[in-house]
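# Structural overview for review
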There are 2 protein chains.
Amino acid sequence: MSQLPHATNVSELSGLKVACKDCSLFQLCLPVGLGGPDLALLDRVIKRRHVLKRGEYLFRPGDPFVFVYAVRSGSIKTYTPIRDGADQVTGFHLPGELLGLDAINTETHQCGAVALETSSVCELPLNRLEELGSVITNVQRQMLRIMSKQILHDQALQVLLCKRSAEERLAALLLSLSNRYKRRGFSATEFDLSMSRQDIASYFGLAEETVSRLFSRFQEQGLIEVTRKHVRLRDLPRLASMVGAPERLD
Amino acid sequence: MSQLPHATNVSELSGLKVACKDCSLFQLCLPVGLGGPDLALLDRVIKRRHVLKRGEYLFRPGDPFVFVYAVRSGSIKTYTPIRDGADQVTGFHLPGELLGLDAINTETHQCGAVALETSSVCELPLNRLEELGSVITNVQRQMLRIMSKQILHDQALQVLLCKRSAEERLAALLLSLSNRYKRRGFSATEFDLSMSRQDIASYFGLAEETVSRLFSRFQEQGLIEVTRKHVRLRDLPRLASMVGAPERLD
DNA sequence: GCGCCCGGTTGATTTAAATCAACAATTCCG
DNA sequence: CGGAATTGTTGATTTAAATCAACCGGGCGC
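Overview of the structure. (Residues numbered from 1 in each chain as written. Chains lettered and ligands numbered in written order. Predicted model: local features only at pLDDT ≥ 70, side-chain atom pairs only at ≥ 80, totals over all residues. Heavy atoms only, no water.)

## Some words on the nonpolar core
For soluble globular proteins, the rule of thumb is that nonpolar side chains tend to be buried together. Core analysis: the largest hydrophobic core is formed by 76 residues, its most contacted members being Leu239(A) and Leu239(B). The residues contacting Leu239(A), other than those within four sequence positions of it, are Ala171(A), Leu174(A), Leu175(A), Phe218(A), Leu223(A), Ile224(A) and Leu233(A). Listed in part, the 60 residues of the second largest apolar core include Cys23(A), Val45(B), Cys122(B) and Leu124(B). (Core = buried A, V, L, I, M, F, W, Y, C linked by side-chain atoms within 4.5 Å. Buried < 20%, exposed > 50% of the residue type's maximum accessible area, 1.4 Å probe, protein only. Contact = heavy atoms within 4.5 Å.)

This is how it looks when you write it as structure tokens:
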């Protein structure tokens, strides 16, 4: 189906229990920077490898908040229902990224999360962390950093939506995916989009047709090669020059 | 200059040292829900009453992160510089609201913060919290909640920017200010805007002229009465009906 | 007290992107 | 395997909001 590479193929095959310290996502995920003892305790409460098929829901709006989730493989989109029955896509999440942070305050998910392809997640019971002793401070400090990063990301998106054209928004997305794949050890210039044109349009407040036209235009201009979901970025520097630093979505 | 009411007038006059437990913003600010011992420790590290005149900067983009700030009186806007030299306004902050959360991760402010009128803030040295013992867990838990709330707020703004017209965006702002003033004990229907039309336009990705026209139109329609910065909301229910639940900015 | 400047308003015109419409290519599914 | 449904593409037209332009009025300095 999707040809998205899976960072965790090897560890997934080797067994269900892969400790955080042995996970290929260690550097990108919650435990980054945590020491051995903290990791061991963290491993005790994290539930691993909840698997989702394409289209399956991790949680839905209104669900009670139980876990923060870390994407382990695949990709997951989050969305908010808006009036008129439509959905607004609020984010695309790759391995190592955390989901459900917006539900900590109200203890209820306002967003939903759907797998864009076969994916797996780890479940972090934020409330149970308090049972553990020393680990909590370090993990919470790490949580603060991750949420701070999310807030910065949301601000970049705000600038993009307020000040930038449809063209620049799409460039920003392609660049963001490129950087994120690269950091995960995959090609920065060739990958499959796991989201539909409609998802991209929704995420950026554009019409599906506009996104489609932009993909065509980028191709005409020699910026990219695109066939359906497969994308090859042919001119990364020019793509990057279209997107200012404060609008980087990485 | 601005006729914005000041929640903290009384306590400000009574002296420089007002403990969190005696602050009128207690219920709206960081310490909400914290117990006496935690509060006492918190009071030891919080610096109070840094005063800013209109137009003064609390921090600028690039400044090293030292404090998280809580607005104590007045109002403060945050902004990001974007290419072409312009600024994008990223938020308006009223008493009890926290500033600088986006800098926790990088330890550098990406945004700047300017007083929209004479304002004062408390300074919370996030890093020094670790010197304190038991307080840290509870305060950090509270920080997680506040940041979660911010992320939810950012998502509401995303929906507004992606899916709603200029008209609905302005309605959302007026409604948000109304609710926030109300919670602080002020009139929900009559207040002064501390931000300029340009600030509002920037915040929502609109032109100054559009915002101006909308104020006029709202007045024609009997929704509001507006003279320069003074606003009276004449039909709160109709205003509210223009803004869906997932777009509430409160 | 007068005029200047800035913030705000109002009008005319342009434009980027939405909408409407038709169609092509894939994937889904019996 | 074949037809329906979904997803994506391309073209014509409309539209909300930007831009360009002129002007107003209050507050401030001189």
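## Brief notes about the protein's contact with DNA strand C
Near DNA strand C there are 17 residues, and of these Ala166(A), Thr210(A), Ser212(B), Arg213(B) and Ser216(B) occur at the shortest range. Each atom of DNA strand C within 4 Å of the protein belongs either to a base or to sugar and phosphate, the latter forming 62%. Ala207(A) is positioned such that a nitrogen or oxygen atom in its backbone is 2.9 Å from a phosphate oxygen of DNA strand C. Note that a base oxygen of DNA strand C is positioned 3.0 Å from one of the side-chain N or O atoms of Arg213(A). Those elements that place two or more of their residues in the surface near DNA strand C are α6 (208-220) of chain A together with α6 (208-220) of chain B. (Near = heavy atom within 4 Å. Polar contact = N/O pair within 3.5 Å; in protein donor to acceptor, adjacent residues only side chain to side chain. Helix = DSSP H or I, 4+ residues; strand = E, 2+ residues; numbered from the N terminus.)

## Observations regarding the protein's contact with DNA strand D
Taken together, 17 residues lie near DNA strand D, and Ser212(A), Arg213(A), Ser216(A), Ala166(B) and Thr210(B) sit nearest. Taking all atoms of DNA strand D within 4 Å of the protein, the share assigned to sugar and phosphate is 57%. Residue Arg213(B) places a side-chain N or O atom 2.9 Å away from a base oxygen belonging to DNA strand D. Looking at the surface near DNA strand D, the elements that each hand over two or more residues are α6 of chain A together with α6 of chain B. When residues in the surface near DNA strand D are grouped by element, the largest group, 5 residues, is from α6(A). Taken together, the residues of the surface near DNA strand D break down into 3 nonpolar, 6 polar and 8 charged. (Nonpolar A, V, L, I, M, F, W, Y, C, P; charged D, E, K, R; others polar.)

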